[in-house]
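# Topology and contacts: notes
If you want the building blocks of each chain, they are given just below.
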Amino acid sequence: MGDDGPVNTAPADAPVSHVPAWPLFPDQVRGRDAVVRHLRRPGTRAQYISATGTGKTLVAIRVALALRARLTLVVVPTLDLAAQTALAWRLPASHDHCVVDGYGRP
């Protein structure tokens, strides 16, 4: 896990590999590895908390890739952030599918 080399982003039945577009910084690698270790335990959930602009979306994508997740829930507080997050998840090194459901408060 400490290595940030090529990651297979395809479903298990499709042998296609992609090299992630951006390398992670050392603190992001440690965060990704800690979350992946935690989520590999049965019945666990996780929350990754980090300061603004530190690459939380990129770390979340790498966690999902490392776990070969078929479904990932990402919750954001604004529609602007939802659009930004959806764009990041649609990059070639992330997932093929993305659903954004806007929830507006009156």
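Just so it is clear, the structure is predicted and the values come from calculations on it, not from any experiment.

Right, let's talk about the overall build of the protein chain for a bit. Scanning the protein chain from N- to C-terminus turns up three helices and zero strands. Each helix and strand of the protein chain, placed in order from N terminus to C terminus, yields the pattern α-α-α. Scored against the burial criterion, the 106 residues of the protein chain give a buried share of 26%. Considering only contacts in the protein chain between residues 6 or more positions apart, those separated by 24 or more positions represent 59%. Per element, the accessible surface of the protein chain, about 8,000 Å² overall, is 58% carbon and sulfur.

Okay, helix α2 (residues 56-66) next. Buried residues of α2: Val 59, Ile 61, Arg 62, Val 63, Ala 64, Leu 65 and Ala 66, and no others. Where α2 is buried, its residues meet α1 (26-39) and α3 (79-89). Of the residues one or two after α2, Arg 68 is the one with positive phi, at around 55°.

It is worth spelling out the pattern of salt bridges at this point. Applying the stated criterion across every chain yields a total of one salt bridge. Asp 33 serves as the salt-bridge partner of Arg 32, at 3.0 Å between the closest nitrogen and oxygen. Of the two residues, Arg 32 and Asp 33, neither departs from the other in class, the shared state being buried.

Another aspect to go through is the confidence of the model for the protein chain. When pLDDT is averaged along the protein chain, the result is 77, and 66% of the positions lie at 70 or above. Element-level pLDDT for the protein chain is lowest in α3, with a mean of 87, against a maximum mean of 96 in α1. A low-confidence stretch, residues 1-18 (pLDDT under 50), is modelled with 39 contacts involving residues beyond four sequence positions or located in other chains.

Taking 1.5 Å per residue as the helical rise, α1 with its 14 residues ought to reach 20 Å, and the 20 Å between its terminal C-alpha atoms agrees with that figure. Three or more residues of α1 are buried, namely Gln 28, Val 29, Gly 31, Arg 32, Asp 33, Val 35 and Val 36. In this structure, the buried side of α1 is in contact with α2.

The subject of this paragraph is unusual backbone geometry. Even without being a glycine, Arg 68 presents a positive backbone phi close to 55°. Assignment of secondary structure puts Arg 68 in the loop between α2 and α3. With relative accessibility at 41%, the residue Arg 68 sits in the partly exposed group.

Interhelical geometry of α2 versus α3 gives an angle of 45° and a closest axis separation of 10 Å. In terms of their interaxial angle, α2 and α3 are classed as oblique. Note on packing geometry: the crossing formed by α2 with α3 is right-handed. Along the contact surface, α2 presents Thr 57, Ala 60, Ile 61 and Ala 64, while α3 presents Thr 85, Ala 88 and Trp 89. Here the contact of α2 with α3 is composed, by residue class, of five nonpolar, two polar and no charged.

The rules behind these values
Residues numbered from 1 in each chain as written. Predicted model: local features only at pLDDT ≥ 70, side-chain atom pairs only at ≥ 80, totals over all residues. Heavy atoms only, no water. Helix = DSSP H or I, 4+ residues; strand = E, 2+ residues; numbered from the N terminus. Buried < 20%, exposed > 50% of the residue type's maximum accessible area, 1.4 Å probe, protein only. Contact = heavy atoms within 4.5 Å. Areas by Shrake-Rupley, 256 points an atom, 1.4 Å probe, with all protein chains shown as cover. Salt bridge = Lys/Arg side-chain N within 4 Å of Asp/Glu carboxyl O. pLDDT = per-residue confidence, 0-100. Expected span 1.5 Å × (residues − 1). Axes fitted to C-alpha atoms, helices over the stretch in contact; angles between N-to-C directions. Parallel < 35°, antiparallel > 145°, perpendicular 65-115°, else oblique. Left-handed = near helix turned anticlockwise from the far one by under 90°. Nonpolar A, V, L, I, M, F, W, Y, C, P; charged D, E, K, R; others polar.

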